[in-house]
Amino acid sequence: MVELKGENFFIILGKFMFYFIQHSLHEVDDDNSKFKYSWIKCIKQDQKRSNLLQIELSSEKNKMQPQFLNISTSDRRLLINSFKCYWQIA
């Protein structure tokens with residue numbers, strides 16, 4: 001479970017992209033909630049709050065998608081390591 005824009009979501013880590021689904025297990029309908037690993041420019045960690053991270057996306061992303069994703073998670077280290085693994089595959 002992650003928090004994004006003040007709402008709780010499950011983050012699904014697929015082989016080539018990650019996306020968010022609602023707590024009711026319904027996929028968020030718009031394409032703006034789907035992100036390719038190859039779009040990740042960098043991941044920044046908040047030094048004061050151990051549950052926060054920020055993903056900066058490259059200019060290859062869809063124009064309607066945000067440049068930054070600010071995510072709150074209970075296991076930041078595991079999520080970052082997972083992103084690293086999938087990013088190398090993509």
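Refer to the preceding data block for the structure.
An account of the accompanying structure is given in this report. All of these numbers come straight from a predicted model, not from anything done at the bench. (Residues numbered from 1 in each chain as written. Predicted model: local features only at pLDDT ≥ 70, side-chain atom pairs only at ≥ 80, totals over all residues. Heavy atoms only, no water.)

## Describing the overall build of the chain
Now for step 1: Within the chain, the regular secondary structure consists of one helix and seven strands.
Now for step 2: For the chain, the sequential pattern of α-helices and β-strands runs β-β-β-β-β-β-β-α.
Now for step 3: Scaling as 2.2 N^0.38, a compact globule of 90 residues should have a C-alpha radius of gyration of about 12 Å, and the chain matches this with 12 Å.
Now for step 4: Each principal axis of the C-alpha atoms in the chain carries an extent, and together these give about 30 × 30 × 20 Å. (Helix = DSSP H or I, 4+ residues; strand = E, 2+ residues; numbered from the N terminus. Rg over C-alpha atoms; globule rule 2.2 N^0.38 Å.)

## Re the packing of aromatic side chains
Now for step 1: For the coordinates displayed, the defined rule picks out eight aromatic pairs.
Now for step 2: Relative to Y37, the ring of F18 lies with its centre 5.6 Å away and its plane at 40°, an arrangement referred to as tilted. Of this pair, F18 sits in strand β3 (residues 17-22) while Y37 sits in the loop between β4 (34-36) and β5 (40-45), placing them 19 residues apart in sequence. Comparing F18 with Y37, the two get one shared label, buried.
Now for step 3: Seen in terms of ring centroids, F18 and F83 are 4.9 Å apart; in terms of plane orientation they differ by 70°. Their pairing is edge-to-face. Taken together, the residues F18 in strand β3 and F83 in helix α1 (residues 76-89) connect sequence positions 65 residues apart. F83 matches F18 in its accessibility class, with the two residues each being buried.
Now for step 4: Three or more aromatic residues joined by ring pairs make a cluster, and in this case those are F9, F18, F20, F35, Y37, F83 and Y86. (Phe/Tyr/Trp six-rings, centres within 6.5 Å; stacked < 30°, edge-to-face > 60°. Buried < 20%, exposed > 50% of the residue type's maximum accessible area, 1.4 Å probe, protein only.)

## A look at the side chain of S58
Now for step 1: For S58, the position within the fold is in the loop between β6 (52-57) and β7 (68-73).
Now for step 2: Every residue in contact with S58, bar those within four places of it in the chain, is listed here: S38, W39, K41 and Q67. (Contact = heavy atoms within 4.5 Å.)

## Some words on the sheet that holds β5
Strands pair in a sheet through their backbones, by hydrogen bonds, and they do so in one of two ways: parallel or antiparallel.
Now for step 1: The seven strands lie next to each other as β4-β3-β2-β1-β7-β6-β5, forming an open sheet whose pairing is antiparallel. Because the sheet does not close on itself, it has two edges, and the strands there are β4 and β5. For this sheet, the mean inter-axis angle between neighbouring strands, taken without regard to orientation, is 35°.
Now for step 2: Here α1 sits on the sheet and contacts β1 (2-4), β2 (7-13), β3, β5, β6 and β7; the angle it forms with β5, its principal contact strand, is near 165°. (Pairing = 2+ DSSP bridges. Axes fitted to C-alpha atoms, helices over the stretch in contact; angles between N-to-C directions.)

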